[in-house]
Amino acid sequence: MRINISSLKDKPGASRTVSFSTDSLTGLEWEEPITQSSALEVTATVINTGSAFVVRGEVRTELELQCARCLKRFRYHLVAPLDEEYIPDTSHDYADNALEGDEDDQFAEFSAFRGDVIDITEAVREQLLLSVPLKALCTADCLGLCPSCGKELSSGECSCQQEIIDPRWADLARLLDQQTDTGNV
Ligand SMILES: [Zn+2]
Ligand SMILES: [Zn+2]
């Protein structure tokens, strides 16, 4: 995803809006069980701030995720913000003065570019991956599956639900029983 900024050069304050649509992005691989079910739509505005070119916008796509509670697959509309700063790399112009292996480079909060083209592929990829929910839920109040019969509890209670004690509470329940016993003595 490359943006030509030649029309913005030497014009602080100038901007242009671009949009891209692509089915796949170089270097982007969704981890199992995530699948992408629609194209990636990118809309961004590039602004010449005088010292840098700022790219602001968003990336949208449809994903298919798996619910962490009920394991059902569901569609998720992903919107990832884009906000990246690109600084013209002019180091080749004064190569003699440039510090070799400048250690600050790897901590820079901007990306360098050369020539008239800014490649936003890396920024788009990063933002997409950052915007996928770590724990995907089909609905915020998904009840998950009955640990005993496997029924999807959001669609109604199962017959065994009343008798089930969450294993995490089983020890506590036992402890309370013991205390009650002791108290009765
Ligand atoms: Zn669910
Ligand atoms: Zn059940």
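Small disclaimer: the values here were computed from a predicted structure and weren't measured.

Enquirer: For the layout of surface pockets, give the residues involved together with the corresponding values.
Expert: As a volume, the second largest pocket reaches approximately 250 Å³. Together, 15 residues line the second largest pocket, and Glu31, Pro33, Ile34, Val132 and Pro133 are the ones closest to its centre. The residue inventory of the lining of the second largest pocket, partitioned by class, reads eleven nonpolar, one polar and three charged.

Enquirer: Could you give an account of helix α1 (residues 121-131), naming the residues involved and the relevant values?
Expert: Among all positions of α1, only Thr121, Ala123, Val124, Gln127, Leu128 and Ser131 are buried. Along the long axis of α1, the arc covered by the buried residues comes to 165 degrees, so they all point the same way. Turning to α1, the residues buried within the fold contact β4 (40-48), β5 (53-66), β6 (73-88) and β8 (117-119).

Enquirer: Which residues make up the pattern of salt bridges, and what are the values?
Expert: One pass over the full model with this rule turns up eight salt bridges. A salt bridge links Lys9 to Asp116; its shortest N-O distance comes to 2.8 Å. Of this pair, Lys9 sits in the loop between β1 (2-4) and β2 (15-22) while Asp116 sits in the loop between β7 (111-113) and β8, and the two are 107 residues apart along the sequence. A relative accessible area of 34% places Lys9 in the partly exposed class. Using a relative accessible area of 32% as the deciding quantity, one classes Asp116 as partly exposed. Two residues, Arg125 and Glu122, come together in a salt bridge whose shortest N-O distance is 2.9 Å. With a gap of three residues between them, Arg125 and Glu122 both fall in helix α1, about one helical turn apart.

Rules behind the numbers
Residues numbered from 1 in each chain as written. Chains lettered and ligands numbered in written order. Predicted model: local features only at pLDDT ≥ 70, side-chain atom pairs only at ≥ 80, totals over all residues. Heavy atoms only, no water. 1 Å grid on protein atoms, 1.4 Å probe; cavity = no way out; pocket = protein on both sides within 12 Å on 5 of 7 lines; lining within 4 Å. Points joined across faces, edges and corners; volume = space filled by probe spheres on them. Nonpolar A, V, L, I, M, F, W, Y, C, P; charged D, E, K, R; others polar. Buried < 20%, exposed > 50% of the residue type's maximum accessible area, 1.4 Å probe, protein only. Helix = DSSP H or I, 4+ residues; strand = E, 2+ residues; numbered from the N terminus. Arc of directions from axis to C-beta. Contact = heavy atoms within 4.5 Å. Salt bridge = Lys/Arg side-chain N within 4 Å of Asp/Glu carboxyl O.

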